[in-house]
Amino acid sequence: NKVKEDLARVKAAKAALSLKEKADSAADRAYAGTGTDREKDSLDSALGLYQEACDADPRSAVIVANRTFARLRAGQYQECVEDGATALDLLKQWPTARRAPKKPERPAHLDPPFLDDPTFTHPDQQKQGEVDWLMKHGGGSSKDLPSLPLEYEWVKDVAEKNENSWIAIRKKMPKATIDAIRRATVKLQDVLYTRIPRLVREQIEVAIEENRAGEGPSGKAIRESGEFADKLEAYEKEREIEREKELEDARQEIEDYDLDAALAATRTGVAQTGFGRGHPLERTKRRLFVKVLLRRARAFEALGDKEACAAELQRVLRAEPQNAEGKQLLAALAVPPPSASFPSAPASVGASAVGGTAVAPGAVGASGAFGAAVAAAVASAGMPAVLGAVAGGEGEQASSGRKAKAKASAADDDLDDDDDDDEGVDHCSTSQLLSAAAEYMRKNDYQGALEIYGYAKNRTKVWDSALTELNVLSNRSLCLQRCRGRLPELIAACNEALTRMAALKREPDFGGMSEEMLLKMQSACFSRRGNAYMQQRKAEEGNRDLAEVRTLLAHVEALEAQTRPAPTG
């Protein structure tokens with residue numbers, strides 16, 4: 001079922017992508033035809049295509065974010081605010097490394113019972129002294145014979161000379177009956193291997209009818225099949241409860257997820273978990289987050305809601321403190337930039353966006369003592385000069401100017417697909433990753449451990465110790481060795497580890513490691529590389545590495561002898 005759900009999502013995403021590309025093209029045409037009838041027609045076309053794309057894939061944050069761009073250009077400011085809130089909610093559902101990976105669990109595997117064949121009895125299972133005949137009877141006709149159990153019948157005893165000699169023998173099933181019973185038993189056994197309770201129950205009903213006709217599985221086989229169906233149904237109920245709990249936990253986790261804190265330039269506490277700021281997914285999420293907030297800010301400004309506009313811009317600058325557009329718009333509102341400890345955006349802003357209720361224009365003014373204090377704060381912060389007057393009670397002309405300004409500023413915006421961020425990597429602690437990788441290795445899942453070690457190696461720029469770095473490099477080569485069939489990658493991994501170890505050996509303190517530990521790790525890598533060379537039929541290189549292993553181990557033995565206490569007496 002999970003595979004089918006994933007396949008359906010892939011198909012929906014593919015269909016939505018085609019529609020989104022058409023909508024983006026229409027939005028680009030509208031940009032090229034700014035101020036003409038062509039712009040309106042292109043925007044109408046783009047909005048219609050974006051709606052179709054959202055219907056095809058309602059969980060795509062990028063499609064909804066791109067629609068905010070089109071709505072802002074079209075002057076649909078309230079709809080732009082609502083779409084922005086939807087895009088931010090969808091953005092919270094993007095994958096995030098909030099915790100260490102779950103420990104690998106081997107699923108409970110319910111093996112079906114092996115059904116017995118009533119037409120065959122193994123010689124080892126026959127009772128001692130058991131014979132195929134029950135009794136003999138001499139004299140009299142067949143009418144005088146005593147009654148027998150159902151599985152026996154009277155026949156003439158050809159071994160006796162008397163014509164009226166009878167013997168009671170076990171009944172023999174015809175070959176056609178035997179074949180029918182075996183076919184029915186095999187069919188029931190095959191259905192058990194499907195592990196689908198509904199199919200098992202249906203086949204049991206068929207088997208019962210066949211058994212009554214004398215051509216079906218035995219009563220024991222039917223009983224065991226029923227017990228197995230009970231186990232399957234109980235297991236499915238347990239799995240369903242677990243899935244519901246996982247879904248509920250995931251919903252609660254998304255609900256509690258603070259997107260502003262996670263994408264802030266300076267993260268503290270729980271927000272330190274997740275991908276580093278340099279991770280491609282994190283960069284894409286942050287840029288999309290910032291663009292949506294900027295569009296919402298312009299829409300709020302056009303609606304005359306200065307307070308909500310300032311709140312969105314504050315959120316922008318917490319994620320990207322050097323965002324030029326955010327600084328410029330905030331300066332135009334004469335509001336100081338956020339400090340590092342600025343609280344999250346008020347819930348009322350998001351609520352009003354979702355509910356669709358516009359706040360009255362002129363809610364926040366910049367006159368009197370408040371305006372002077374704000375101006376002083378802006379000047380002390382060194383922000384750009386105020387671009388426009390901010391005062392309450394603006395007339396219709398000012399409102400029209402705001403809308404024109406919002407629409408014009410949207411012309412400098414772009415869609416949300418190809419942003420690049422060259423910020424430095426802010427990597428999180430690798431301790432949880434390495435603990436998870438070690439757990440995968442204990443479960444013999446070397447492919448999973450290899451992926452974690454590879455990620456840690458590529459993303460970690462500064463290691464907490466040389467030993468941690470060498471553990472990652474050495475264990476990565478061990479995983480490649482256990483994965484089999486990856487000799488070139490194994491040799492490359494060993495070369496990388498040995499190069500780093502050689503560099504540490506040249507340092508006075510061996511990078512804070514003991515010489516003995518470093519030599520042992522070197523010998524392990526030489527051994528793995530030598531074995532890989534041997535498998536590639538490179539005997540010369542392999543023998544050279546194995547000779548190096550012997551030399552290193554001899555050196556380790558000498559070091560251990562020096563530290564070994566002298567015998568007493």
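Scroll up to find the structure.
Predicted, not measured: the structure shown is a model, and the values here were computed from it.

Reading guide: rules and limits
Residues numbered from 1 in each chain as written. Predicted model: local features only at pLDDT ≥ 70, side-chain atom pairs only at ≥ 80, totals over all residues. Heavy atoms only, no water. Helix = DSSP H or I, 4+ residues; strand = E, 2+ residues; numbered from the N terminus. Buried < 20%, exposed > 50% of the residue type's maximum accessible area, 1.4 Å probe, protein only. Areas by Shrake-Rupley, 256 points an atom, 1.4 Å probe, with all protein chains shown as cover. Expected span 1.5 Å × (residues − 1). Contact = heavy atoms within 4.5 Å. Salt bridge = Lys/Arg side-chain N within 4 Å of Asp/Glu carboxyl O. Core = buried A, V, L, I, M, F, W, Y, C linked by side-chain atoms within 4.5 Å. Axes fitted to C-alpha atoms, helices over the stretch in contact; angles between N-to-C directions. Parallel < 35°, antiparallel > 145°, perpendicular 65-115°, else oblique. Left-handed = near helix turned anticlockwise from the far one by under 90°. Nonpolar A, V, L, I, M, F, W, Y, C, P; charged D, E, K, R; others polar.

Caption draft 1: Examining the overall build of the protein chain more closely. The helix and strand inventory of the protein chain stands at 20 helices and three strands. The buried share of the protein chain, taken over its 569 residues, is 38%. Surface accessibility of the protein chain: about 32,500 Å² in total, with carbon and sulfur atoms responsible for 53%.

Caption draft 2: Focus on helix 19 (residues 515-535). Look at helix 19: 30 Å from first C-alpha to last across 21 residues, which is about the 30 Å you get at 1.5 Å a residue. For helix 19, every residue scored as buried is listed here: Leu 518, Leu 519, Met 521, Gln 522, Ser 523, Cys 525, Phe 526, Arg 528, Arg 529, Gly 530, Ala 532 and Tyr 533. Elements that come into contact with the buried residues of helix 19 comprise helix 17 (466-483), helix 18 (487-505) and helix 20 (539-563).

Caption draft 3: Unusual backbone geometry, seen in detail. Of note, the phi angle at Asn 444 is positive, near 65 degrees, even though the residue is not glycine. Here Asn 444 is to be found in the loop between helix 15 (431-442) and helix 16 (446-459). Phi is positive for Arg 537, which is not a glycine, with a value near 65 degrees. Within the fold, Arg 537 resides in the loop between helix 19 and helix 20.

Caption draft 4: A look at the pattern of salt bridges. Considering all chains together, one arrives at 27 salt bridges under this definition. The closest approach of N and O atoms between Lys 40 and Asp 44, which form a salt bridge, is 3.1 Å. Remark: Asp 44 and Lys 40 occur in helix 2 (residues 37-56); sequence separation between them is four residues, near one turn of the helix. For Glu 325, the salt bridge identified is with Arg 298, shortest N-O distance 2.0 Å. A residue pair is termed long-range when its members are at least 10 positions apart, and Glu 325 in helix 11 (residues 324-332) and Arg 298 in helix 9 (residues 280-303) qualify at 27 residues. What makes Arg 298 buried here is its relative accessible area of 2%. Salt bridges sharing partners connect three or more residues here, namely Asp 260, Arg 296, Glu 312, Arg 315 and Arg 318.

Caption draft 5: Molecular detail of the nonpolar core. Ranked by internal contacts, the top residues of the largest apolar core, which has 53 residues, are Tyr 50, Leu 91, Leu 259, Leu 288, Phe 289 and Leu 313. It is helix 9 that contributes the most residues to this core, 10 residues altogether. Beyond its immediate sequence surroundings of up to four residues, Leu 313 is in contact with Leu 294, Ala 297, Gly 326, Leu 329, Leu 330 and Leu 333. Judged by nonpolar contacts, the second largest core, of 23 residues, contains Ile 452, Tyr 453, Ile 491 and Tyr 533.

Caption draft 6: Just helix 20, in detail. In a regular helix each residue adds 1.5 Å, so 25 residues correspond to 36 Å; helix 20 covers 36 Å between its end C-alpha atoms and thus fits that length. Here helix 20 has its buried residues at Gly 542, Asp 545, Val 549, Leu 552, Val 556 and Leu 559. Among the structural elements, helix 19 are those in contact with the buried residues of helix 20.

Caption draft 7: Fine view of the packing of helix 4 (residues 77-91) against helix 9. Axis separation between helix 4 and helix 9 bottoms out at 9 Å; the angle between their running directions is 155 degrees. In terms of orientation, helix 4 and helix 9 fall into the roughly antiparallel class. Along this stretch, helix 4 crosses helix 9, giving a crossing that reads as left-handed. Residue-level contacts link Tyr 77, Gln 78, Cys 80, Val 81, Gly 84, Ala 85, Ala 87, Leu 88 and Leu 91 of helix 4 to Lys 285, Leu 288, Phe 289, Val 292, Leu 293, Arg 295, Arg 296, Ala 299, Phe 300, Ala 302 and Leu 303 of helix 9. Across the contact of helix 4 with helix 9, the residue classes tally to 15 nonpolar, two polar and three charged.

Caption draft 8: Structural view of the environment of Ser 431. Note on placement: Ser 431 falls in helix 15. The partly exposed category is assigned to Ser 431, whose relative accessible area is 44%. In sequence terms Ser 431 and Thr 468 are 37 residues apart; their C-alpha atoms lie 9.2 Å from each other.

So far we have only geometry, and geometry alone does not tell us how the molecule works.
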